[in-house]
Each structure stands twice: as C-alpha cells, then as structure tokens.
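Coordinate inspection notes
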Amino acid sequence: MVYRGQDSCADDLDNADRLVDALAEGLEHLGLTSTAIGVVWAFTAHSVDAAARAVRLLGATELIEWITRLPRRFSVEQASAVSSGVAEICPAMEATPPTRRPAARHRRAETAADIQDVLPGIDELVKALLDAELTEPIESWMTFLHPEQVRLTRTHWTGPARVRGPAGTGKTVVGLHRATYHALRSPHPIIFASFVRTLPRVFAELARIVSEPASHNIHFVGVHQLAAECLQKAGEHVHIDSAKVDTAFGLAWSRSELKHSTSIANHSPMYWKEEIDYVIKGRGLTGFEQYRDLHRIGRKTPLRSADRERMWDLYLAYEEQLGLRGTGDFNDLILRAREAVRRYPSLFQYAGVIVDEVQDLNLISLQFLDVLSGDGPNRMLLLGDSRQSVYPGGFTLSEAGINVAGRAHVLRENYRNTAQILATASALVADDAVLDIEGTVEDRLEGTSTRVGGKPTVLSGPDGKTLSSMAIDDMTTAHADGTNWGNMAALTRTTREARQMMALLRLRGIPTVSLTDYAGVTIEAVKVGTIKRAKGLEFSHVYLPALHRELPRQVNETDSSYEERRSLYRREIYVAMTRARDHLWAGYIDEKSTEAELSRGSMLA
Ligand SMILES: Nc1ncnc2c1ncn2[C@@H]1O[C@H](COP(=O)(O)OP(=O)(O)OP(=O)(O)O)[C@@H](O)[C@H]1O
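Numbering of residues starts from 1 in each chain and follows the order in which that chain's sequence is written. Residue-level local features of this predicted model are given only where pLDDT is at least 70; pairs of side-chain atoms are given and counted only at 80 or more, and the full residue set underlies all totals for whole chains, interfaces and linings. Derived side-chain values reflect all non-hydrogen atoms in the structure, with water molecules and hydrogen atoms excluded from consideration.

**Section: the UniProt feature "binding site: ATP" (unreviewed entry) in the protein chain**
According to UniProt, the "binding site: ATP" (unreviewed entry) feature falls on Gly165, Pro166, Ala167, Gly168, Thr169, Gly170, Lys171 and Thr172. Under the DSSP-based scheme used, a helix requires at least four consecutive residues in state H or I and a strand at least two consecutive residues in state E, with every element numbered from the N terminus. Along the chain, the position of Thr169 falls in the loop between β6 (161-164) and α7 (171-183). Here Thr169 falls in the buried class, since its relative accessible area comes to 1%. Any two residues whose heavy atoms approach within 4.5 Å at even a single point are treated as in contact. Sequence-distant contacts of Thr169, that is, excluding residues within four places in its chain, are made with Gln149, Leu411, Arg412, Glu413, Asn414 and Tyr415. UniProt positions are given in the numbering used here, feature names are shortened, and annotations may be inferred rather than shown by experiment. Each residue is assigned to one of three classes by its accessible area relative to the maximum for its type, calculated with a 1.4 Å probe on protein chains only: buried under 20%, partly exposed between the two thresholds, exposed over 50%.

**Digging into the sheet that holds strand β17 (residues 488-492)**
Any two strands are treated as partners once DSSP identifies two or more bridges connecting them. Strand order across the open sheet formed by six strands is β16-β21-β20-β17-β19-β18, with parallel pairing between neighbours. At either margin of the open sheet sits one strand with a lone partner, and together these are β16 (457-461) and β18 (512-514). Here the strands of the sheet are splayed against their neighbours by 20° on average, with no regard to which way each runs. Inspection of the sheet shows β17 paired to strand β20 (residues 539-548) by three bridges, in the parallel sense. Bridging from a neighbouring strand, Ala489 pairs with Val542 of β20. The strands that helix α17 (residues 419-429) touches are β16 and β21 (580-589); relative to β21, the one it contacts most, it runs at about 45°. Those strands touched by helix α20 (residues 559-577) are β17, β20 and β21, and its axis lies near 155° from that of β20. Angular values range over 0 to 180 degrees, each being the angle between N-to-C directions of two axes fitted as lines to C-alpha atoms, with helices fitted over their stretch in contact.

**A closer look at the site of the ligand**
Whether a residue is near a molecule or strand depends on its heavy atoms: it is near if one of them lies within 4 Å of it. Within the structure, the ligand sits among 19 residues, and Trp141, Gln149, Lys171, Thr172 and Glu538 are positioned closest to it. Separating an oxygen atom of the ligand from a side-chain N or O atom of Lys171 is a distance of 2.7 Å. Of the residues forming the shell around the ligand, the biggest block, three residues, is contributed by α7. Any residue outside Ala, Val, Leu, Ile, Met, Phe, Trp, Tyr, Cys, Pro, Asp, Glu, Lys and Arg is labelled polar, Gly included; the first ten of those are nonpolar and the last four are charged. Its residues assigned to classes, the shell around the ligand comprises five nonpolar, nine polar and five charged. In terms of domain composition, the shell around the ligand takes at least three residues from each of domain 2 (147-236 + 343-417) and domain 4 (456-600). Any pair of nitrogen or oxygen atoms within 3.5 Å is treated as a polar contact; in protein, a donor-acceptor pairing is required on top of that, and neighbouring residues in sequence qualify only through side-chain atoms on both sides. Where each domain begins and ends follows an automated or database-derived domain assignment.

**Let's talk about the nonpolar core**
Most often, soluble globular proteins have nonpolar side chains that are buried together. We call a set of buried residues a nonpolar core when its members are Ala, Val, Leu, Ile, Met, Phe, Trp, Tyr or Cys and they connect through side-chain atoms within 4.5 Å of each other. Counting residues in each nonpolar core, the largest one holds 62 residues, and the members touching the most others are Phe192, Leu491, Leu544, Leu547 and Met577. Broken down by element, this core gets its largest block of residues, seven residues, from α20. Of the residues that make up this core, three or more belong to each of domain 2 (147-236 + 343-417) and domain 4 (456-600). Other than its neighbours up to four places away in sequence, Met577 contacts Asn417, Ile421, Thr424, Ala425, Leu428, Leu544, Leu547, Leu584, Ala586 and Tyr588. Counting residues in each nonpolar core, the second largest holds 35 residues, with Val238, Phe348, Val355 and Ile402 among its members.

**Observations regarding the pattern of salt bridges**
Close approach of charged atoms lets side chains of opposite charge pair. When a carboxyl oxygen of Asp or Glu is within 4 Å of a side-chain nitrogen of Lys or Arg, the pair counts as a salt bridge. Under the counting rule described, the total for this entry stands at 33 salt bridges. Its salt-bridge partner being Glu438, residue Arg162 comes within 2.6 Å of it at the nearest N-O pair. Of this pair, Arg162 sits in strand β6 while Glu438 sits in the loop between β13 (434-435) and β14 (441-442); the two residues are 276 residues apart in sequence, bridging distant segments of the chain. Judged by its relative accessible area of 1%, Arg162 is buried. Of the charged contacts, one joins Arg310 and Glu257 as a salt bridge, the two residues approaching to 3.8 Å between their closest N and O atoms. One end of the pair, Arg310, is in helix α14 (residues 305-324); the other, Glu257, is in the loop between α11 (242-254) and α12 (269-280), and 53 residues separate them in sequence. Since its relative accessible area comes to 58%, Glu257 is described here as exposed. Overlapping salt bridges bring together Asp432, Glu550, Glu563, Arg566 and Arg570 as one network.

**Regarding the side chain of Thr35**
Among the secondary structure elements, Thr35 is positioned in the loop between α1 (10-26) and β3 (39-43). Among the polar contacts made by the side chain of Thr35, one reaches the side chain of His177 at a distance of 2.8 Å. Those residues in contact with Thr35 that sit more than four places away from it in its chain are Arg73, His177, Thr180, Val210 and Ser211.

**Regarding empty space enclosed by the protein**
Buriedness of a pocket was judged along seven lines, with at least five required to meet protein on both sides within 12 Å; pockets are open sets of points on a 1 Å grid over the protein atoms alone, cavities are sets where a 1.4 Å probe fits but cannot get out, and lining residues have an atom within 4 Å of a point. Grid points are joined across faces, edges and corners, and a volume is the space filled by probe spheres set on the points. Scanning all chains against the criterion turns up three cavities of 30 Å³ or more. Taken as a whole, the largest cavity holds about 60 Å³ of empty space. Lining the largest cavity are Trp157, Arg178, His182, Ile190, Gly352, Val353, Ile354, Asn378, Arg379, Met380 and Leu381. Here the lining of the largest cavity takes three residues from strand β9 (residues 352-356), the largest share from any one element. Empty space within the second largest cavity amounts to approximately 50 Å³. Looking at the second largest cavity, the residues that line it are Leu491, Thr492, Arg493, Glu497, Ile531, Pro545, Ala546, Leu547 and Tyr569. Mapped by element, the contributors of at least two residues to the lining of the second largest cavity are β17 and β20.

**Observations concerning the side chain of Thr143**
On the secondary structure map, Thr143 appears in the loop between α5 (122-131) and α6 (147-154). On the accessibility criterion, Thr143 (1% relative accessible area) is buried. Those residues within four positions of Thr143 in sequence are excluded, and the remaining contacts are Gly31, Leu32, Thr33, Ala36, Arg73, Phe74 and Ile138.

**Some thoughts on the packing of α17 against α20**
Where α17 meets α20, the closest approach of the two axes is 8 Å, and the angle between their N-to-C directions is 170°. Considered as vectors, α17 and α20 are oriented roughly antiparallel to each other. Contacts from Ile421, Thr424, Ala425, Ser426, Leu428 and Val429 of α17 reach α20 at Arg570, Arg571, Ile573, Tyr574 and Met577. Considered class by class, the residues forming the contact of α17 with α20 number seven nonpolar, two polar and two charged. Throughout, the term roughly parallel applies to angles under 35 degrees, roughly antiparallel to angles over 145, roughly perpendicular to angles from 65 to 115, and oblique to all others.

**Regarding the sheet that holds β3**
Taken together, the three strands give an open sheet; going across it, the order is β3-β5-β4, and neighbouring strands pair in mixed fashion. Both outer strands of the open sheet, β3 and β4 (49-52), are each paired with one neighbouring strand and no more. Between one strand axis and the next, the sheet turns through 20° on average, direction left out of account. Bridge analysis of β3 against strand β5 (residues 55-59) gives five bridges, and the strand direction is parallel. Within β5, the position partnered with Phe43 by the bridge is Gly59. The sheet strands contacting α1 are β3, β4 and β5, and the helix crosses β3 at an angle near 135°. Those strands touched by helix α2 (residues 60-69) are β3, β4 and β5, and its axis lies near 125° from that of β5.

Now the structure itself:
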C-alpha cells in the first residue's frame, strides 16, 4: 500500500486502474493489451523503485533507467497509432503547480518549474536511450492481440466463463493476459492451473515477461500440486506411492470376475483402470446405483449391467487394496482437497481460477477448482478444446455444476501453425464428432490460418527405428540450414519411445533435453518427450517419428472398443502436429507392423 503522509493512496490507485481501463478500452480496436499500458508515478524528491498494483513508483533517476530497460514493443507505425490514440483519449492538460500541504520544515514548497528541473528532460532521456544497449523486442502477442482477444482479457463476467477454439487460436494467451490484468487489481493471487505438470513453469516465465509485477500475484500450478498445497494448508496430507497403487490394482484385477467375463469388449487391464480413474472415482461416484445408470460419456466400449456390477466390485477391491497398503491415488488427493476447501473456505483466498486445457481434467478436479475459485464475478475461466482431449471418459459442465451460459466464447483464427500444417493436422480429426463439455456435439472443426509455409514431410518407413534415423537426418539438414537445435522437438507416444529417441540423438552427438525438465527457458538442445507432455507448448520444427496410420487391433477387440482407441489416437496426433509452427515431419510405420510391435514400443526394430 502507498501512503501520502498518514493517508492511504487507495483512491489514487483506483484512479490509476480506471485510467488504464479507459486507455485499454479506447485502444482496443488497435489490439493493444491492457498489460502493455501502465501508470508511472514519478517522484521528484524520493529515490524509489517500487510497484503498487498497476502503478510503478519511480524516482527521477530510476525513471530514466526504467525507460531504457523497457522491451521494444512497437514498430514505428504501431507507436504512432498508439500515440495518436492516447492523445485522443487523454488530451494534453494545462498543468498548474500542484497545491501542496505545508511542506516539511526543512523543504520549501516546489513549483512546477522545480519539478521540471528534477524530472529528466527529453534530451537527457533521448541520450540515455541512445547510450543504452538496444533492448530485445518482445513477442508481438505480449503487446498486441486481435481486438476480440483483448476484449476477452477484460470482459466482466458475472459467473464462470469459457473460451474454446481449435489448436493455436490463442486461448492460453487470452488466459495469460486476463490473469495479469486481474493480478494487478487484486490483493489475492490468481490461480492459473493446468493438468500438465510442466506447463506452469513455462507459463510463469511468459507471464514474467508480459508483466513482472503481475506475475508475482499469479500462482501457476499443476492441479495435483495445487491439491497437495490446499491439503497442507488445511493440515492434511495424502500419501501416494505409485508402485503400491499399481500393485493394488494388479491384485484387484487378478481376482476380478470382470477379467473372465466373456461379454466385455476389451480385456486390457489399463482400460478398466481408466474406468476407475475417469469414470468411477474421477466422477466422484459413491454408490453402485449411480454407476449403473451412468451415461459413460466418451467410452464407446459398451458395458452390460452384469459387467457393471463386476466393474464396481473391481473398484471396491482396488480401494481395499489401497487401504491395506496405506496409500491413496491421485483421485484421493483431489477428493480430499475438494473437501478441505469446502470445509475451510476462509483458508483459501484467491481472486479467481483460470484453467488451461480443461478437457484433460476429470470431473472431480474441475469441481475442486470450482470450489476454490469461490463465488462472485470473474472467478473462473475455462480454456480448452474438446478435440485435443487425449484422456478417456468425459463429462459435461452441468454435471460439474458449472454454468457458462451467455459467457462462452469461440476463437477461430490460428496464429501458430502454417495453413499447410493446420490442414494436415485437421484432416485427421475433421470428421470426428466430439461431445463438447457444454453438452453439444461438435461435428465441424473450425480453424483457419493465414500463415503460409512449406508442405509437411509425411512419409512411411518399415519401423520406428528407421523412421527415427530419418527424422534425425532431417534435423541435421535443418540445423545446417540455420535452425537452432532448441527450435526442434521430437514427440512420441510413450516415454519409452522418447527415451529411445533421446539415445539415438545422443549417439549422433546432438544435444537433447527432456520435456520433463523444460521450463520455457531457451536452451540449445532438441526437446524430446511424449505428446502428452507437449500439450500447450509449441516448437518451430516438430518431428513425429513413429506414427501409425491404422492402429493394430488387439485380440478379440470389438469394433466399438477399437474405434474408441482409434479416435483417442487421432486426437493425440492432432495435438502433436499442431505443436509445429513452421515445419512438420511425420513418419508412419508401414501398415504391415504387428500388434506385438506396437505393444513393445514401436521403435524397437
Ligand atoms: N493475436 C495474436 N497475434 C499473434 N500471435 C498470437 C496471437 N494470439 C496468439 N498468438 C500466438 O499463437 C500461438 C498459439 O497461442 P496459444 O498457445 O494461446 O493457443 P491455444 O489456443 O492455447 O493453443 P492450444 O490449444 O493448441 O494449446 C502462440 O505462439 C501465441 O503466442
């Protein structure tokens, strides 16, 4: 808080917010983001460098330093458009010397001329700017967005809101700017949550560049980490031992009648573990009747009622095994955190929650974030795209008790991919009808790009290893042509394939970094990781070295079950391809590949 003598300057800070809002509104047609607009209070008699909400407080010397350190944001044309806009919104005023309260005994009252003397003159400033090292320009989206996006960063919403749209349409960017806007205006932090554990670090780094003071008031966090933190605040803890969780399920499955049922269409234990994680526990079901009557959204493998009973028994046996081993699973963490927030709401004071990639969350995770966001306007924003959902088992917002009616917005302009990459990726999923979380069926994929680039390289090879070597050849050529290793990423379906790709790259002497360790800081190494880890990220060159045109069928797999796996797989490749900004390289394993090959990891040739 800032004080003038004994008086709080809260009203002045509110006025500063209003000034920023007026400028943001007046300049919205230019696409200028509100985070690019700031208020500086310059002090003639103090040496100070501090921030209070949207206001920067600077002494005369610090003012020059601060201006010279600002990143380059505008082209000449943009600078002149912004400056004429500002002149219109804030016409120059005749300044009169400030009327001051009685000056401190040792100082005489300052006149306007004194202030002019103390504040840096324009010549001094120009010299300082010329002497300073030219600052790097920052990325254009940090300053300018589409006017529609800018509006979404500031719209007043009376309840939960949603922004959806295909890949690369700037949903996260809207979320980041909205987070910074509110972070500067609230004493409580904003939560920016995502299912992917590594994304928050990347977003935190971007937010720091967009607005350093705002970034200190935004908590970028993975949803499970957030749940653990909330439990800690409430003095609770859930112990999770992943190995014991696997053992608990393995034992429950081995004794399950479901395993021997002749009427189930899928005999992969993973499928039934997911049924627990996403459909039963993930939806917070507490009684068999609920499960018996449930529409299993997104699950195409039918389940007759006798098998539902067997499934429920499997779930109970799993719970018992967890209890015997003294461990919980990740859903227990979320369920307990949701309860803790409901029980002790006053412990959790947040200005709001922004959820990125909402389609990846299960129902209880979204409910947890919803209670955490509290009631009131502008408390919750959901960002996502149903076509990028790569986890099984969906739900609708109404099941989660969230209503976004009248506050749902769609973005369609793709800013990331070239039109050629977007066309290749979209072709994979364009005909897939998906049930959106708002409960409607989306049967058309709408996204357009005006960026033009080369045709993606799409080819076939006998096996994953050969294709990986071909991908590395392409990387080497691109590197020789001037592309940094740091602009390339190789994405695989499994962690095992990612490890194999890393080993192959290292054998060829190419520096690598695992996506698990990537924190959004530029590093001169090829990024390697699973497609799921790459969600929300982007790279100039993307390599997908071991794709399948048609997934091999599993033993006794029915059509519906197979189709469920295929559509998940198509969505995963769509996510992977839309990570590429400029160059996409996709290698498909020849159709002849066997099921055994797939299950062993496609790169083992
Ligand atoms: N108005 C804009 N002008 C220029 N670039 C933009 C604009 N909006 C977004 N971008 C850029 O487009 C890319 C995609 O943006 P973003 O990651 O926000 O999209 P998204 O919709 O969240 O994508 P996805 O769903 O695929 O993760 C980023 O590089 C971002 O900086």
